[in-house]
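A look at the structure
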Amino acid sequence: MDESALERYFDDSIAGDSSFLLGEELGPESLDPAHSQQDSALQAVKAGSGAELGDELDLSFLPDDLGPQEEPDRHDDTAGGPAEALNVSGDSGVFTDFISQDSTAANSQQGGALLTHSTSPFCPMTPMTPMTPMTPVMERSGIIPQLQNIVSTVNLSCPLDLKFIALQARNAEYNPKRFAAVIMRIREPRTTALIFSSGKMVCTGAKSEEQSRLAARKYARVVQKLGFPAHFLEFKIQNMVASCDICFPIRLEGLVLKHQQFCSYEPELFPGLIYRMVKPRIVLLIFVSGKVVLTGAKERAEIYEAFENIYPILRGFKKQ
Amino acid sequence: MAYQLYRNTTLGNSLQESLDELIQTQQITPQLALQVLLQFDKAINTALANRVRNRVNFRGSLNTYRFCDNVWTFVLNDVEFREVTDLVKVDKVKIVACDGKSESTQNKVDK
């Protein structure tokens, strides 16, 4: 799920909207066989043209949760190693697209245009590709928002004795006069959970969807080990927060004048402009420095989509 | 009612052992021993609150924490206790801390 969202994002950013449609068809077919076969070849390709591509797509920012979603425990235990391996496989996923596009479309000019980031107009891969109006390739940001916080909920579906949990479990706080839940923390993934007597639980602080799920499972295991018949029902990510830096200052006043139905900007109250995007329904905090915070997403793709929507708008309000 | 927190200290344990001896030799009743301990609680609480002036700093890494019934329990590792005069290092220390508020709030807690 994460991988397909990121692949679509890359497809979109590399080849524009038209190949977003094409990428969807290519993606599942070309990536899976290509992954296993072409890894070594791709390394060579990557080494060769890494410098050029690296300028446009800063692939070092790849999220660490790509690749096959195996057992959450395995994923957790070997977080360091596969993170790099997954980054590599994420890279090779991009190159697979290049190579498959080159082979199927036989349009080397396209590859050349993308690699050298020239200002020549983007050529569609086949004459039958619909030319939908889209933001031109030059506006592609090459910046990927980094997830900072994920809030999720899960139902352990059994009533819990909070005082017993607070007395037996480590790293737990329970002050019923102030708040009717046990606040428990674990170190890996570094998260905090609110555990209620109904058996419902909120897990906050994880940096990725898989980490949030893994952390929630760890809390459920703690509760289970204390003797409660805990299950793991209806795990759902409720909110995702991401941030990024667009590396140029922004004229917030201009932005609020032009997009006033979406913006609210009260510099005396808060220095950031609050942009409420309608589609996708994401709230962005935009600061003069060029830092952007995106929140309100239920899916990673919503964050990426919102950022790609706002980037050309912000480019238009760059402070000279 | 004062915290019975200080009964498990060197001083408190010595008192309890002595009282147990007296009970064994039938010199006092268990009820009297209980009253002595309650008086000890009051005395040690007021003494620490009013007659102790020195300050100790400590620093270590937190292993675990717990907060329940308004009592904090910490386990720290590699702790340095520092007073102006000297320094003590320990591998592991367990800290049990009760709320240091006034008598009135204590009474409410006890109910």
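Residues numbered from 1 in each chain as written. Chains lettered and ligands numbered in written order. Predicted model: local features only at pLDDT ≥ 70, side-chain atom pairs only at ≥ 80, totals over all residues. Heavy atoms only, no water.

Which entries qualify depends on this criterion: UniProt positions are given in the numbering used here, feature names are shortened, and annotations may be inferred rather than shown by experiment.
Chain B has the name Transcription initiation factor IIA subunit 2 in an unreviewed UniProt entry, where Xyrichtys novacula is given as its organism. What UniProt states about chain B under its Subcellular location (unreviewed entry) heading is, verbatim, "Nucleus". Looking at chain B in UniProt, the text filed under Sequence similarities (unreviewed entry) is "Belongs to the TFIIA subunit 2 family."

Under an unreviewed UniProt entry, the name given to chain A is TATA box-binding protein-like 2 isoform X2, and the source organism is Xyrichtys novacula. According to UniProt, the comment filed for chain A under the heading Subcellular location (unreviewed entry) is "Nucleus". Per UniProt, the comment on chain A under Sequence similarities (unreviewed entry) is "Belongs to the TBP family."

Here we look at the overall build of chain A
As a reminder, the rule being used: Numbering goes from the N terminus for both helices and strands, where a helix is a DSSP run of H or I of at least four residues and a strand is a run of E of at least two. Classification of residues uses two cut-offs on accessible area relative to the type maximum, computed with a 1.4 Å probe and protein chains only: under 20% is buried, over 50% is exposed, and between them is partly exposed. Computed by Shrake-Rupley with a 1.4 Å probe, the accessible areas treat only the displayed protein chains as cover when residues are assessed.
Counting secondary structure elements, chain A contains 9 helices and 10 strands. Expressed as a percentage of its 320 residues, the buried residues of chain A come to 47%. A total accessible area of about 16,100 Å² is found for chain A, and carbon and sulfur atoms account for 56% of it.

A look at the overall build of chain B
To be explicit about the condition: Note on definitions: a residue-residue contact is assigned when non-hydrogen atoms from the two residues lie within 4.5 Å.
Within chain B, the secondary structure is distributed over 3 helices and 3 strands. For chain B, the residues scored as buried account for 21% of the 111 residues in total. Counted over contacts in chain B with a minimum sequence separation of 6, partners at least 24 positions apart contribute 39%.

Remarks on the interface of chain B and chain A
As a reminder of what qualifies: Here's the idea: put two parts together, see how much 1.4 Å probe accessible area each one loses, and the total over both is what we call buried area. In what follows, salt bridge is the name for a side-chain nitrogen of Lys or Arg lying within 4 Å of a carboxyl oxygen of Asp or Glu.
Tallying the contact residues gives 10 residues for chain B and 15 residues for chain A. Of the roughly 1,100 Å² buried where chain B meets chain A, counting both sides, 42% is carbon and sulfur surface. The largest share of the area that chain B buries against chain A comes from Tyr65(B), Arg66(B) and Phe67(B), three residues that together contribute 52% of it. Taken together, the links from chain B to chain A amount to 1 salt bridge.

Side note on the packing of aromatic side chains
Counted only if it meets this: Whether two aromatic rings pair depends on their centres lying within 6.5 Å, for rings of Phe, Tyr and Trp, where Trp uses its six-membered ring; planes under 30 degrees apart make the pair stacked, over 60 edge-to-face, and the rest tilted. Counting as a charge over the ring demands two things of the Lys NZ or Arg CZ atom: a distance within 6 Å of the ring centre and an angle within 35 degrees of the ring normal.
This structure, assessed with the given rule, holds 11 aromatic pairs over all chains. Consider the rings of Trp72(B) and Phe74(B), whose centres lie 5.3 Å apart with planes at 5°: the pair is stacked. Looking at Trp72(B), the relative accessible area reads 28%, which means it is partly exposed. The cationic tip of Arg217(A) hangs over the ring face of Phe232(A); the distance from NZ or CZ to the ring centre is 4.4 Å.

A look at the pairing of strand 1 (residues 146-155) of chain A
Two faces make up the sheet, and in a regular strand the side chains alternate between them. Residue and element names in this part refer to chain A. Note the cut-off: DSSP calls a pair of strands paired once it identifies at least 2 bridges connecting them.
Strand direction decides the pairing type here: strand 1 and strand 6 (residues 233-245), joined by 8 bridges, are antiparallel. By the bridge assignment for strand 6, glutamine 146 is matched with serine 243. Summarising the sheet, strand 1 and strand 5 (residues 200-206) pair through 6 bridges and their orientation is antiparallel. Bridged to asparagine 155 within strand 5 is lysine 200.

A few points about the packing of helix 1 (residues 10-24) of chain B against helix 2 (residues 30-50) of chain B
Residue and element names in this part refer to chain B. We count it as follows: Axis lines are fitted through C-alpha atoms, for helices just across the contact stretch, and the angle between N-to-C directions can take any value from 0 to 180 degrees. Just so you know how the angles are binned, under 35 degrees is roughly parallel, over 145 roughly antiparallel, 65 to 115 roughly perpendicular, and the rest oblique. In this scheme the handedness of a crossing depends on how the near helix is turned from the far one: anticlockwise by less than a right angle means left-handed, clockwise means right-handed.
Close contact between helix 1 and helix 2 brings their axes to 10 Å; oriented N to C, the two are set at 165°. Judged on the interaxial angle alone, helix 2 and helix 1 are roughly antiparallel. Handedness of the helix 1/helix 2 crossing: right-handed. Contact with helix 1, carried on its side by Leu11, Gly12, Leu15, Gln16, Leu19 and Ile23, involves Pro30, Ala33, Val36, Leu37, Phe40 and Ile44 of helix 2 and no other residues of that element.

Let's talk about the environment of Thr191(A)
Residue and element names in this part refer to chain A. Mapped onto the secondary structure, threonine 191 falls in strand 4 (residues 191-196). Among the residues examined, threonine 191 registers a relative accessible area of 4% and is labelled buried. C-alpha of threonine 191 to C-alpha of cysteine 203: the two residues are 12 residues apart in sequence and 6.9 Å apart in space. Residues contacting threonine 191, with those up to four places away along its chain left out, are Met184, Arg185, Ile186, Cys203, Thr204, Gly205, Ala206, Ala215 and Tyr219.

Describing the environment of Phe40(B)
The topology assignment puts Phe40(B) in helix 2. Note: C-alpha distance between Phe40(B) and Leu15(B) (25 residues apart in sequence) is 8.8 Å.

What to know about the pattern of salt bridges
All names here are of chain B. Applying the stated criterion across every chain yields a total of 8 salt bridges over all chains. Taking the shortest distance from any N to any O, the salt bridge between glutamate 80 and arginine 82 comes out at 2.6 Å. We classify glutamate 80 as partly exposed; its relative accessible area is 24%. Shared partners join several salt bridges into a network, and the residues in it are Glu80, Arg82 and Lys89.

Considering unusual backbone geometry
Looking along the chain, the bond that leaves Glu188(A) and enters Pro189(A) is cis, with omega of -5°. Along the polypeptide, Pro189(A) turns up in the loop between strand 3 (181-186) and strand 4. Pro280(A) follows Lys279(A) through a cis peptide bond whose omega is 0°. Relative to the elements of secondary structure, Pro280(A) occurs in the loop between strand 8 (273-277) and strand 9 (282-286). A positive phi angle, near 60°, is found at Gln26(B), a position not held by glycine. Mapped onto the elements of the fold, Gln26(B) is located in the loop between helix 1 and helix 2. A residue is classified by how much of its surface remains accessible, and Gln26(B), at 70% relative accessible area, is exposed. In the Ramachandran plot, Asp78(B) falls in the positive-phi region, its phi being about 50° despite a non-glycine side chain. Mapped onto the elements of the fold, Asp78(B) is located in strand 2 (residues 71-82).

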